[in-house]
Amino acid sequence: ATFHVADCPADYLYIVLGRGEDRPGASRLRTTFAVREGAGVILLAGILSVGLSLMFLRLLTRRLSVLEQAMIRFRSTVVDAPAVGRAAPLPTGGDEVDHLEAMFRELAQRIEAQMAELQAVDSARREMLANLSHDLRTPLTTLLAHLESLQMDEAELSPEERKDYVAIAMRQSKRVAQLVEQLLEAAKLEARQVEAHPESFPVGELLQDVVQKFALSARERGVTLVSDVSPAGLRVYADIALMERVFDNLIDNGLRHTPAGGRVVVGAHPRGESVRLSVADTGPGMTATEAARVFDRFYRGDPGRSTTTGHAGLGLAIVRSILELHGSTITVDTQPGQGATFHFELPRPTTR
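Anyway, here's the lowdown on the structure attached to this text. Note that the structure is predicted; figures quoted are calculated from it, not measured.

1. What about the packing of helix H4 (residues 203–213) against helix H6 (residues 240–256)?
Thinking step 1. In contact at an axis separation of 10 Å, H4 and H6 are set at 45° when each is read in the N-to-C sense. Compared by their axis directions, H4 and H6 come out oblique. Viewed along their axes, H4 and H6 form a crossing whose handedness is right-handed. Between H4 and H6, the residues in contact are Leu206, Leu207, Val210 and Lys213 and Ile240, Met243, Glu244, Phe247, Asp248 and Ile251, respectively.
Thinking step 2. Partitioned by chemical class, the residues of the contact of H4 with H6 number 7 nonpolar, no polar and 3 charged.

2. Here's the deal with the sheet that holds strand E7 (residues 274–281)
Thinking step 1. Sheet architecture is open: 5 strands sit in the order E4-E6-E7-E9-E8, paired in mixed fashion. The sheet is open, and its two borders are formed by strand E4 (224–229) and strand E8 (331–334), each paired with just one other strand. Between one strand and the next, the sheet's axes are offset by a mean angle of 15°, whatever the strand orientation.
Thinking step 2. The pairing of E4 with strand E6 (residues 263–271) spans 6 bridges and is classified as parallel.

3. Section: the pattern of salt bridges
Thinking step 1. Taken as a whole and assessed by the stated rule, the structure comprises 4 salt bridges.
Thinking step 2. With its nearest N and O atoms 2.9 Å apart, the salt bridge here joins Lys213 to Glu244. Within this pair, whereas Lys213 is found in helix H4, its partner Glu244 is found in helix H6, the two being separated by 31 residues in sequence.
Thinking step 3. Note on Lys213: relative accessible area 43%, which makes it partly exposed.

4. Thoughts on the nonpolar core
The nonpolar side chains of a soluble globular protein tend to be buried, and buried together.
Thinking step 1. Counting 44 residues, the largest nonpolar core has Met243, Phe247, Leu250, Phe342 and Phe344 as the members making the most contacts within it.
Thinking step 2. Broken down by secondary-structure element, the contributors of at least two residues to this core are helix H3 (159–190), H4, strand E5 (235–238), H6, E6, E7, helix H9 (315–325) and strand E9 (340–347).
Thinking step 3. Ranked by residue count, the leading element in this core is H6, at 7 residues.
Thinking step 4. In contact with Phe247, not counting residues within four places along its chain, are Leu206, Leu207, Val210, Val266, Leu277, Val279 and Phe344.

5. Some points on the packing of aromatic side chains
Thinking step 1. Counting across every chain of the model gives 2 aromatic pairs.
Thinking step 2. With a centroid separation of 5.9 Å and 45° between ring planes, the pair formed by Phe247 and Phe344 is classed as tilted. Placement of Phe247 in helix H6 and of Phe344 in strand E9 is noted, with a sequence separation of 97 residues between them.
Thinking step 3. When its relative accessible area of 1% is taken as the criterion, Phe247 is described as buried.

6. With respect to unusual backbone geometry
Thinking step 1. Put simply, Ser230 and Pro231 share a cis peptide bond, and its omega is 0°.
Thinking step 2. Considering the arrangement of structural elements, one finds Pro231 in the loop between E4 and E5.

7. Section: H4
Thinking step 1. Looking at H4, one finds that the buried residues are Val203, Gly204, Leu206, Leu207, Val210 and Val211. Projected onto a plane normal to the axis of H4, the buried residues spread over an arc of 160° and lie on a single side. Looking at H4, the residues exposed on the side facing more than 90 degrees away from the buried face are Glu205, Asp209 and Gln212.

8. What about the environment of Thr138?
Thinking step 1. Within the element layout of this structure, Thr138 appears in helix H2 (residues 96–150).
Thinking step 2. Considered as a pair, Thr138 and Gln172 are 34 residues apart in the sequence and their alpha carbons are 8.8 Å apart.

9. Digging into the packing of H6 against H9
Thinking step 1. The interhelical angle for the contact between H6 and H9, taken along N-to-C directions, is 150°, at an axis separation of 9 Å. In terms of their interaxial angle, H6 and H9 are classed as roughly antiparallel. The two elements H6 and H9 cross, and the hand of that crossing is left-handed. For the pair H6 and H9, the contacting residues are Leu242, Met243, Arg245, Val246, Asn249, Leu250 and Asn253 in the first and Gly315, Leu316, Ile318, Val319, Ile322, Leu323 and Leu325 in the second.
Thinking step 2. For the contact of H6 with H9, the residue count by class is 10 nonpolar, 3 polar and 1 charged.

What counts as what
Residues numbered from 1 in each chain as written. Predicted model: local features only at pLDDT ≥ 70, side-chain atom pairs only at ≥ 80, totals over all residues. Heavy atoms only, no water. Axes fitted to C-alpha atoms, helices over the stretch in contact; angles between N-to-C directions. Helix = DSSP H or I, 4+ residues; strand = E, 2+ residues; numbered from the N terminus. Parallel < 35°, antiparallel > 145°, perpendicular 65-115°, else oblique. Left-handed = near helix turned anticlockwise from the far one by under 90°. Contact = heavy atoms within 4.5 Å. Nonpolar A, V, L, I, M, F, W, Y, C, P; charged D, E, K, R; others polar. Pairing = 2+ DSSP bridges. Salt bridge = Lys/Arg side-chain N within 4 Å of Asp/Glu carboxyl O. Buried < 20%, exposed > 50% of the residue type's maximum accessible area, 1.4 Å probe, protein only. Core = buried A, V, L, I, M, F, W, Y, C linked by side-chain atoms within 4.5 Å. Phe/Tyr/Trp six-rings, centres within 6.5 Å; stacked < 30°, edge-to-face > 60°. Arc of directions from axis to C-beta.

Set out below in C-alpha cells:
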C-alpha cells in the first residue's frame, strides 16, 4: 500500500509479507518475557521474605541473647566463685535456648544444694546458740551466787568460807574466759585471719614441754601421760605456736575422756618425707557416727559433759582449722570401748 501525504515530497510504502507466519515467534517471545518477569518477581519476593524472616527472628531472639549474657555473668560471678567451685563447662552445640536450658538446670541444682547447706548451717547455728547459752549460764550463775555471798557481812562467813568462795569464783571466771577465748580463736580461724609461719623445729622438745604442762592435771586425774618420739632429734616444718595449740587441745581432750588408771600417749614417728604425729588415749572410744562429727564446732558426744568440765566442743574444731592452714588433715581411729587415736602428718624440713 502506498500513502501520499500533502505538502510532503516523500511517499510511504508499507509491505506486509507472510503476516500469518510470525505469530508463533511473537508468542514464544511474549512467553519467555513473561517467564523471566515472573521469575524475577518470585526471586525478589523470596529474598524479601527471607530478609524479613531473619529480621523478625532477630527481634524475637534478641531478648534471649541478652538473658543468656546475663546468665553467663551471673554464673561466672556466683557459681564459679572460689568458695563454691568451678562449674561444668557449657555445651558448645545448640542455640541460645539450649544454653539457657543447660544453665537453668545447673543453677537449679546449685540452688538446691545450697538450700540444703543453709538448712544444715541453720540447724547447727541453733544448736550452737543453745550450747553456748548453757555453757555461759552455768559458770556465770555460779560466779554470781558466790560473789553475792562474798558481799555478806564478815560475821556471817568465816575466813575459810570466804577463801573457798573466792577460789570458786576465780575458777568459774577462768571457765568463762576460756570459752570466750575459744570462740574468738575459732572465729578468727574460720575467717582466715590467722596466718601460719612455718619453721623447722625439733618436735620432741615441743611435745615434752606440752606433756610437762599437763603433768599436774594428769596426776590429779590418775592418768599416765607420756611422750613417744623416735628418733629423738626428729624435726618438722610448721608453725610452732600453732602446733603447741594443737597438742594442748588434743591432750586436754584425751585427759578429759580417759578414766583414772588410763593412759594418754603423745607420739611422733617418721613416715617417708613426713612425720606422723598422734595422741592416743584409753578412754571409752566413739561410735562411727560420733567419730564423723567429733571435729564439728560445738559437738559433744556427751551433751552434759560441759557442765562439769566447762568445754563447749570447740577444741577439736580449732585443731582441724589449724591443721588446714598447714595443708594437713586430722583423722581419728576409734572403736567403742577401745579408746581413740587422733593422728595427722606434717612435712619434714628436708622436703622444703
